[in-house]
Amino acid sequence: MRTVLNRSRNGVCRLLFTFLLASLGGGAAQIATAQDKQTIHSVVLRVDAPRPKPISRLDLPPADLGFAGGALATEDNQTTGRFLGQDFVTTNIAVPPEQALEALETALADGARYVVVLADGPMVVQLADAAGDRALVLNARAPDDDLRNANCRANLLHIAPSRAMLADALAQFLIWKKWPRWFLIEGSHPEDTAMADAYRRAARKFGGKLAEERVFEDTGGSRRTDTGHVQVQKQIPVFTQRASKHDVVIAADEADVFAAYLPYHTWEARPVAGSAGLRPTTWHPAQEAWGATQFQRRFEKLNGRFLRPEDYQVWLALRVLSEGATRTGSDQPDVLSEYILGDDFEIAAFKGEKLTFRPWNGQIRQPILLVGSRVLVSVSPQDEYLHRVSKLDTLGYDEPESACDLGR
């Protein structure tokens, strides 16, 4: 599916708007003529790897996952771009993993200079390496911590939060609640282990204690029919029986095998957090603070459904590019990348504060929402956690901890 939004420009409005931007300090607020017209061509590349169906049918991914957020961002970008002689073009591509590199080459040959990727960590690295200096790649899904450390790339920015950021956000809240003793249950898949490691790191960082750790083995089968409520009601209590004294159960279940069954089924009456119960995320349909209601309604009107984290992350990625293009007056990836990672960049994203990037690893700083099924419970970083540069740097790997060396 290809989305191209072009709108006619009004010369008088353009002059007034650029004058306003200049008065506010916009470095790229220059009068654009027809000869100055720039096209900022982005592609949203979603790599659809085979996955079992989720436990709950409420979690079935929509066909336009991610692309819907890109459509709203392109509308938003055009609102500003039409006054500055900038045309924002977004192409959406969904392919299986074996076709991802070919799809990237086709997009670059068609003139795309910016690639927003929805894929797992290894695929993100492959695509960034294949793009090289031909395009700026923005990771909108993969949470892998190594992409922000030893496996980082100079042409790769991260819009999705890392596992460390998500774990730290939850850990801060649990310590604030004075729930320091954690019963950690991790799945048997590699991504589950990676998330469990992030929680172990967060416990060391913020003073949590892992009272006990257990592994829930995935034995295969149909998760939605073979583990009905009767069996779950018998299995989960037995699995969690005789655990060491704990305040909260933390589930590391990125593969979506067991975590959704934990609430109300644990042997002891304890809250559940992590992959079920209280969850750290970038976005939630219940988020209404800081002007988010209007944002949510615009998305729902355009797409006929609620906004999901992947939609938000693609929207944010394209808005970051627009802000860079608007402020610099350029459509060149190296110019935008330098500005985006610089001290002058900031962007509003309906989270109560301006977002900026960590120049040492290309990760966007952002608050993490802690949500239940229907409400926003809290937002991290918690007020009690301070930092010499930004409180947001209490989430994830800070600069002294980073193994990423991009020479910036």
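For clarity, every value in this text was computed on a predicted model and none was experimentally measured. Here the residue index of a chain counts from 1 through its sequence in written order. Selection of residues for local features in this predicted model requires a pLDDT of at least 70, selection of side-chain atom pairs for listing and counting requires 80 or more, and totals for whole chains, interfaces and linings are taken over all residues. Side-chain numbers come from the whole structure's heavy atoms, not from hydrogens or water.

Undergrad: An account of the overall build of the chain is requested, with residue identities and associated values reported.
TA: In this text, helices come from DSSP runs of H or I with a minimum length of four residues, and strands from runs of E with a minimum of two, each type numbered from the N-terminal end. Secondary structure summary: the chain contains 10 helices and 15 strands in total. Three labels apply to residues, based on accessible area from a 1.4 Å probe with only protein chains included: buried if under 20% of the type maximum, exposed if over 50%, partly exposed otherwise in between. Out of the 408 residues in the chain, the part that is buried amounts to 54%. By definition, residues are in contact when any of their heavy atoms lie within 4.5 Å. Relative to all contacts within the chain whose residues are 6 or more apart in sequence, the contacts with residues 24 or more apart total 71%. Element-wise, carbon and sulfur atoms account for 52% of the exposed surface of the chain, whose accessible area totals about 18300 Å². All accessible areas in this document rest on Shrake-Rupley with a 1.4 Å probe, and a residue is counted as covered only by the protein chains that are shown.

Undergrad: Give a description of the sheet that holds strand β11 (residues 279-281) that names residues and reports values.
TA: Taken in spatial order, the three strands make up an open sheet running β11-β14-β15, and their pairing is antiparallel. Looking at which strands have only one partner, the edges of the open sheet turn out to be β11 and β15 (376-380). Shown here is a sheet whose adjacent strand axes are inclined to one another by a mean of 30 degrees, direction ignored. A fitted line through C-alpha atoms serves as each axis, taken over the contacting stretch for helices, and the angle formed by two N-to-C directions is quoted from 0 to 180°. Contacting β11, β14 (368-371) and β15, helix α5 (residues 163-176) runs over the sheet at an angle of about 60 degrees to β14. We call two strands paired when DSSP finds no fewer than two bridges between them.

Undergrad: Before we move on, can you summarise the state of the cysteines with the specific residues and values?
TA: Any pair of cysteine sulfurs within 2.5 Å is marked as a disulfide. Counting across every chain of the model gives one disulfide. Disulfide partner of Cys152: Cys404, at an S-S distance of 2.1 Å. When the S-S torsion is 95 degrees, as for the bridge of Cys152 with Cys404, the disulfide is right-handed. Of this pair, Cys152 sits in the loop between β5 (136-139) and β6 (156-158) while Cys404 sits in the segment after β15, and the two are 252 residues apart along the sequence. With respect to burial, Cys152 and Cys404 carry one shared label: buried.

Undergrad: Kindly report on the nonpolar core, identifying the contributing residues and their values.
TA: We define the nonpolar core as a collection of buried residues of types Ala, Val, Leu, Ile, Met, Phe, Trp, Tyr and Cys that are connected through side-chain atoms lying within 4.5 Å of one another. Ranked by size, the top nonpolar core spans 42 residues in total, and within it Trp315, Leu316, Val320 and Phe357 carry the most contacts. At the level of elements, β2 (38-47), α2 (67-81), β4 (114-118), β5, α8 (292-303), α9 (309-328), α10 (333-340) and β14 are the ones that each hand at least two residues to this core. Residue contributions to this core peak at nine residues, all from α9. Residue contacts for Trp315: discarding those within four places in its chain leaves Gly69, Gly70, Leu72, Ala73, Asp76, Phe295, Ala348, Ala349 and Phe350. In terms of nonpolar packing, the next biggest core, distinct from the first, is built from 27 residues, Leu170, Leu184, Ala196 and Leu370 among them.

Undergrad: Account for the packing of aromatic side chains, naming residues and giving values.
TA: Stacked, edge-to-face and tilted are the three classes for Phe, Tyr and Trp ring pairs, Trp counted by its six-membered ring, which pair at centre distances within 6.5 Å; planes under 30 degrees apart are stacked, over 60 edge-to-face, the rest tilted. Using the criterion set out here, one finds 13 aromatic pairs in the structure. Between Trp283 and Phe295 the ring centres are 5.5 Å apart and the planes differ by 90 degrees, which places this aromatic pair in the edge-to-face class. Taken as a pair, Trp283 in the loop between β11 and α8 and Phe295 in helix α8 lie far apart in primary sequence, 12 residues in all. Phe295 carries the same exposure label as Trp283, and that label is buried. Between Trp315 and Phe350 the ring centres are 5.8 Å apart and the planes differ by 40 degrees, which places this aromatic pair in the tilted class. In this pair, Trp315 sits in helix α9 while Phe350 sits in the loop between α10 and β12 (357-358), placing the two residues 35 residues apart along the sequence. Owing to a relative accessible area of 2%, Trp315 belongs among the buried residues under this scheme. Here a set of aromatic residues connected by ring pairs shows up, and it is made of Trp283, Phe295, Tyr312, Trp315 and Phe350.

Undergrad: Provide a residue-level description of the pairing of β4, including the pertinent values.
TA: Of all five residues in β4, five are buried, a share of seventy percent or more. Alternating positions in β4 separate into two faces, Tyr114, Val116 and Leu118 on one and Val115 and Val117 on the other, with burial throughout. Bridge count for β2 against β4 is five bridges, and the pairing is parallel. Bridge pairing links Leu45 to Val117 in β4. Relative to β5, β4 runs parallel, the two being bridged by four bridges. Bridging from a neighbouring strand, Val116 pairs with Leu138 of β5. Orient the strands so they point away from the viewer; a crossover is then right-handed if the path from the first strand over the helix to the second runs clockwise. Between the parallel pair β4 and β5, the chain is carried across by helix α4 (residues 121-131), and the sense of this crossover is right-handed.

Undergrad: Please set out the pattern of salt bridges residue by residue, giving values where relevant.
TA: Oppositely charged side chains are able to pair whenever their charged atoms sit close together. Counted as salt bridges are all cases of a side-chain nitrogen of Lys or Arg within 4 Å of a carboxyl oxygen of Asp or Glu. Following the criterion strictly, the structure yields 21 salt bridges and no others. For Arg153, the salt bridge is made with Asp129, and the minimal N-O distance between the two is 2.6 Å. Within this pair, whereas Arg153 is found in the loop between β5 and β6, its partner Asp129 is found in helix α4, the two being separated by 24 residues in sequence. Given a relative accessible area of 43%, Asp129 falls into the partly exposed group. With its nearest N and O atoms 2.7 Å apart, the salt bridge here joins Glu212 to Arg214. A cluster of three or more residues bridged by salt bridges with shared partners is formed by Asp168, Arg201, Lys205 and Glu401.

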